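Structure at a glance
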Amino acid sequence: MKFLRTSLVFVLLLIVFAAGWLWFNRPSPVDLAKYAPADSLLYVELNNASDLVRAIQQTDVWKAAAPITHSNASSDNKLAMMAARAGIGPIDAVLFARAQFALVVVNLNASEQEDTLRVKPEFALIAETHTSAWRTKPAVMSAVKQLASFVYGASNCSERSGDAEYVECSVAGGERKIVGAVEGTLVVVGNTENAVRTCLEAKRGTRPNLLSDPEMVRVRASLVSNQTLGFGYVSAANSAKLFSWAAPLLMRVGPGNRQLEQLLAVSAGKILRGVAWTAVSTGGGIEDRYLFSLEPDIVSRLQPAFEMTQRDENFWKLVPQGFESLTIYRSKEPATAWRSLDSAVAFKLDALPAVLFGTLLKSSLTPYGISDPKEALTTLAPPLLTMRPSAAVEGSVLVARVTDEARLRRSLAQEVFRGDNGQIVQGLQAQLDPELEFSAVFTDGYVLLGRTENMEPCLAALRRSEALNDDKIKQASQESSAAIVTYANDELRLRDFISTLMMLQGRRLSTEETARLQNRLHDYSFASTETRLGSGGIERTTRSAFGQFSTFVSLLGAESSNVVGR
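Everything in this summary refers to the structure shown in the same document. (Residues numbered from 1 in each chain as written. Predicted model: local features only at pLDDT ≥ 70, side-chain atom pairs only at ≥ 80, totals over all residues. Heavy atoms only, no water.)

1. Some words on the state of the cysteines
Summed over the entire model, instances satisfying the criterion amount to one disulfide. In this model Cys157 forms its disulfide with Cys169; the gap between the sulfur atoms is 2.1 Å. Taking the torsion about the S-S bond as the criterion, the Cys157 to Cys169 disulfide, at about 115°, is right-handed. Here Cys157, found in strand β4 (residues 156–161), pairs with Cys169, found in strand β5 (residues 165–170); they are twelve residues apart in sequence, far enough to count as distant. Take Cys157: its relative accessible area is 33%, and that puts it in the partly exposed class. (Disulfide = S-S within 2.5 Å. Helix = DSSP H or I, 4+ residues; strand = E, 2+ residues; numbered from the N terminus. Buried < 20%, exposed > 50% of the residue type's maximum accessible area, 1.4 Å probe, protein only.)

Okay, here's the thing in structure tokens:
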């Protein structure tokens, strides 16, 4: 009996010791912002990979695709997870359970080729493994080589030691590469040496890190909660810089005009205070929330653009069944909303920048044949719609209810539609002259405006009585209280996201499986975005299957450069 009591006490002490050891050996979270350069263009942190994976596996789309992908939900074995978080088990499981991740974009390299702007981001994945280098290094070296094989195919890999342990994989005769570095418990993997080096310098304290940005610290503290799956941030300076690169494209000005870019960046900096993003799991999908922080005076002047009026849902008869994207603007008075945008910009800027920003605003309506927004919008009533009629169409079409048709016709005829540049016709059955650049179609109290090449497929679908019959989208639109609502076909991104994850697991979907997957995704294909004006700026909420996480995975694509045509 004495031996039994002694054995029982020993077992209990062993259990208590093991439990205590597991508890005290759990990783203590670190602030990943201290590893990100202060001047990073984009910063995204994911502090709990297991929560993110669990959230994705619980989405309606992932469950619907499971019979095709044969991807079962990860095990909820709490004991195994506790052991992995304590550092016990296979190194892959340990790293997955203990690591914190962040993604940074440190630069955008732009080059012009004829009428195409090619943009290549320099980015790095940061992982605080909370695991010693001697265990981490072999796994990281192997993972980088496998990633290079997946992204580039045949590649040359080499390892070297220096201020950190490095592995570099590149394509023979090309500039594309993947560089990995292990320093203590930190792992950095990037697509350029510069991206990796800047993160290591931030960690070592030889370069300022993102914690030196008080606005980032403040915004993160106010937006992030225990339910947050991810957080992203673009500083005020970089928001303005990104705007200065993108704005010339809207103005149809070629890249490389440093004086124009600097003027736009300085001007945008007087309006923008940064951009923040968070993601949460909700309703069988992922909800992305964006905050575009603005100066308080700008917010107050934008109020008229977000004032709504009584609903008019008759416009659905002019929306084709196969539309690719659709944005509904429900501002009470379109002309007043436009003036509020113009006023908000002019209030903060000097004369020359205000003129430039005014040109940018006007250029947003130029593709629809409107050169004098103040005059044209006076003849229109809400809602206004901009839509891309189908995936085969590059541009979009504007649809609006008309309050003064005669005045609008005169306005169009005197400007862009003058001479042989455009055509103004009556009724959906009217035939358009493809040689004329712009078309305006008046029908049943509405007008459709746009380039003829975009209008023709839209009219063809409506003539076939293929107006939208998706009751879910219509009901969601009716229930939304937002002044601006957008619906976008997300089917291609969903398919690519799932296919890419399958390939990362070493399995490529067959042609038959891809077709079956596409059929399954049809019922979940649309993402919705609501845009509102809050006290701190413009707030956008997007509900989709996988949120921005599917966009991050696209960075693994074989082509790491995006092409923007002009």
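Having seen the structure, we can now continue with the description.
2. Observations concerning the packing of helix α18 (residues 491–504) against helix α19 (residues 511–521)
For the pair α18 and α19, the least separation of the axes is 10 Å and the interaxial angle reads 135°. Classified by the angle their axes make, α18 and α19 are oblique. The handedness of the crossing between α18 and α19 is right-handed. Taking contact as the criterion, the partners of Glu491, Leu494, Arg495, Ile498 and Ser499 in α18 are, on α19, Thr514, Leu517, Gln518 and Leu521. A class-by-class count of the residues in the contact of α18 with α19 yields four nonpolar, three polar and two charged. (Axes fitted to C-alpha atoms, helices over the stretch in contact; angles between N-to-C directions. Parallel < 35°, antiparallel > 145°, perpendicular 65-115°, else oblique. Left-handed = near helix turned anticlockwise from the far one by under 90°. Contact = heavy atoms within 4.5 Å. Nonpolar A, V, L, I, M, F, W, Y, C, P; charged D, E, K, R; others polar.)

3. A look at the packing of helix α3 (residues 60–69) against α19
At a closest axis distance of 10 Å, the pairing of α3 and α19 adopts a crossing angle of 150°. One element, α3, and the other, α19, form an angle in the roughly antiparallel class. Helix-helix and strand crossings are classified by hand; for α3 and α19 the assignment is right-handed. Across the interface between the two elements, Val61, Ala64, Ala65, Pro67 and Ile68 from α3 touch Glu513, Arg516, Leu517, Arg520 and Leu521 from α19. Partitioning the contact of α3 with α19 into residue classes produces seven nonpolar, no polar and three charged.

4. Digging into helix α15 (residues 405–414)
Along an α-helix, a turn takes 3.6 residues, which lines up residues three or four apart on a common side. Among the residues of α15, Leu408, Ser411 and Leu412 are the ones counted as buried. Considered in projection along α15, the buried side chains sweep an arc of 95° and stay on one side of the axis. Looking at the buried positions of α15, the neighbouring elements they touch are α14 (373–378), β12 (380–388), β13 (397–402), β14 (422–426), β15 (438–443) and β16 (446–451). (Arc of directions from axis to C-beta.)

5. A word on the pattern of salt bridges
A complete count under the given rule lists 26 salt bridges for this structure. Between Arg220 and Glu45 there is a salt bridge, with the nearest N and O atoms lying 3.1 Å from each other. You can see Arg220 sitting in helix α8 (residues 214–223) and its partner Glu45 sitting in strand β1 (residues 42–46), a full 175 residues away along the chain. The exposure classification of Arg220 matches that of Glu45, with both residues buried. Residues Arg204 and Asp163 are paired through a salt bridge, measuring 2.9 Å at the closest nitrogen-oxygen approach. (Salt bridge = Lys/Arg side-chain N within 4 Å of Asp/Glu carboxyl O.)

6. Brief notes about the packing of aromatic side chains
Throughout the structure, instances matching the rule amount to six aromatic pairs. Between Phe497 and Phe546 the ring centres are 4.5 Å apart and the planes differ by 40°, which places this aromatic pair in the tilted class. With Phe497 in helix α18 and Phe546 in the loop between β19 (537–544) and α20 (549–553), this residue pair connects regions lying 49 residues apart in the sequence. Take Phe497: its relative accessible area is 3%, and that puts it in the buried class. Its relative accessible area of 0% is what places Phe546 among the buried residues. Aromatic ring contacts, followed pair by pair, group Trp62, Phe497 and Phe546 into a single cluster. The lysine or arginine in question, Arg160, covers the ring of Tyr166, its NZ or CZ lying 4.5 Å from the ring centre. (Phe/Tyr/Trp six-rings, centres within 6.5 Å; stacked < 30°, edge-to-face > 60°. Lys NZ or Arg CZ within 6 Å of the ring centre and 35° of its normal.)

7. As for the environment of Glu437
Positionally, Glu437 belongs in the loop between β14 and β15. According to the relative accessible area criterion, Glu437 is partly exposed, its value standing at 35%. Separated by 21 residues in the primary sequence, Glu437 and Val416 have C-alpha atoms spaced 9.5 Å apart. With near-sequence residues (within four places) excluded, Glu437 lies in contact with Asn421, Gly450, Arg451 and Thr452. At 3.3 Å, the side chain of Glu437 and the side chain of Arg451 are in polar contact. (Polar contact = N/O pair within 3.5 Å; in protein donor to acceptor, adjacent residues only side chain to side chain.)

8. As for a negative patch on the surface
On the surface, a cluster of negative charge is made up of Asp420, Asp433, Glu435 and Glu456. Structurally, the position occupied by Glu435 is in the loop between β14 and β15. Of the residues examined, Glu435 reaches a relative accessible area of 69% and is grouped as exposed. (Patch = residues over 30% accessible without salt bridge, like charges linked within 9 Å, V, L, I, M, F, W, Y side chains within 5 Å. Areas by Shrake-Rupley, 256 points an atom, 1.4 Å probe, with all protein chains shown as cover. Lys, Arg positive; Asp, Glu negative; His and termini not counted. Charge placed at Lys NZ, Arg CZ, Asp CG, Glu CD.)

9. Quick look at the nonpolar core
The biggest cluster of nonpolar side chains holds 30 residues, and the ones touching the most others in it are Val61, Trp62, Phe497, Ile498, Leu517, Phe546 and Phe549. Other than its neighbours up to four places away in sequence, Phe546 contacts Ile56, Thr59, Val61, Trp62, Ile286, Leu494, Phe497 and Ile498. Of all hydrophobic cores here, the second largest spans 27 residues; its members include Leu318, Val319, Tyr446 and Met455. (Core = buried A, V, L, I, M, F, W, Y, C linked by side-chain atoms within 4.5 Å.)

10. Topic: the environment of Thr136
Here Thr136 shows up in helix α6 (residues 133–152). On a C-alpha basis, the gap between Thr136 and Asp92 in space is 9.2 Å, while along the polypeptide they are 44 residues apart.

11. Considerations on unusual backbone geometry
Here Pro382 and Pro383 are connected by a cis peptide whose omega angle stands at 0°. Among the structural elements, Pro383 can be located in strand β12. Here the phi dihedral of His130 falls at roughly 55°; this positive angle occurs in a residue that is not glycine. Relative to the helices and strands, His130 is located in the loop between β3 (116–128) and α6. Unlike most non-glycine residues, Asp444 shows phi in positive territory, near 50°. When you line up the elements, Asp444 lands in the loop between β15 and β16.

12. Things to note about the side chain of Ser235
Along the chain, Ser235 falls in the loop between β8 (228–234) and α9 (236–250). Of the residues examined, Ser235 reaches a relative accessible area of 9% and is grouped as buried. Reaching out from Ser235, the side chain makes a polar contact with the backbone nitrogen of Asn238 at a distance of 3.2 Å. Apart from residues lying up to four places away in sequence, Ser235 is in contact with Asp213 and Gly274.

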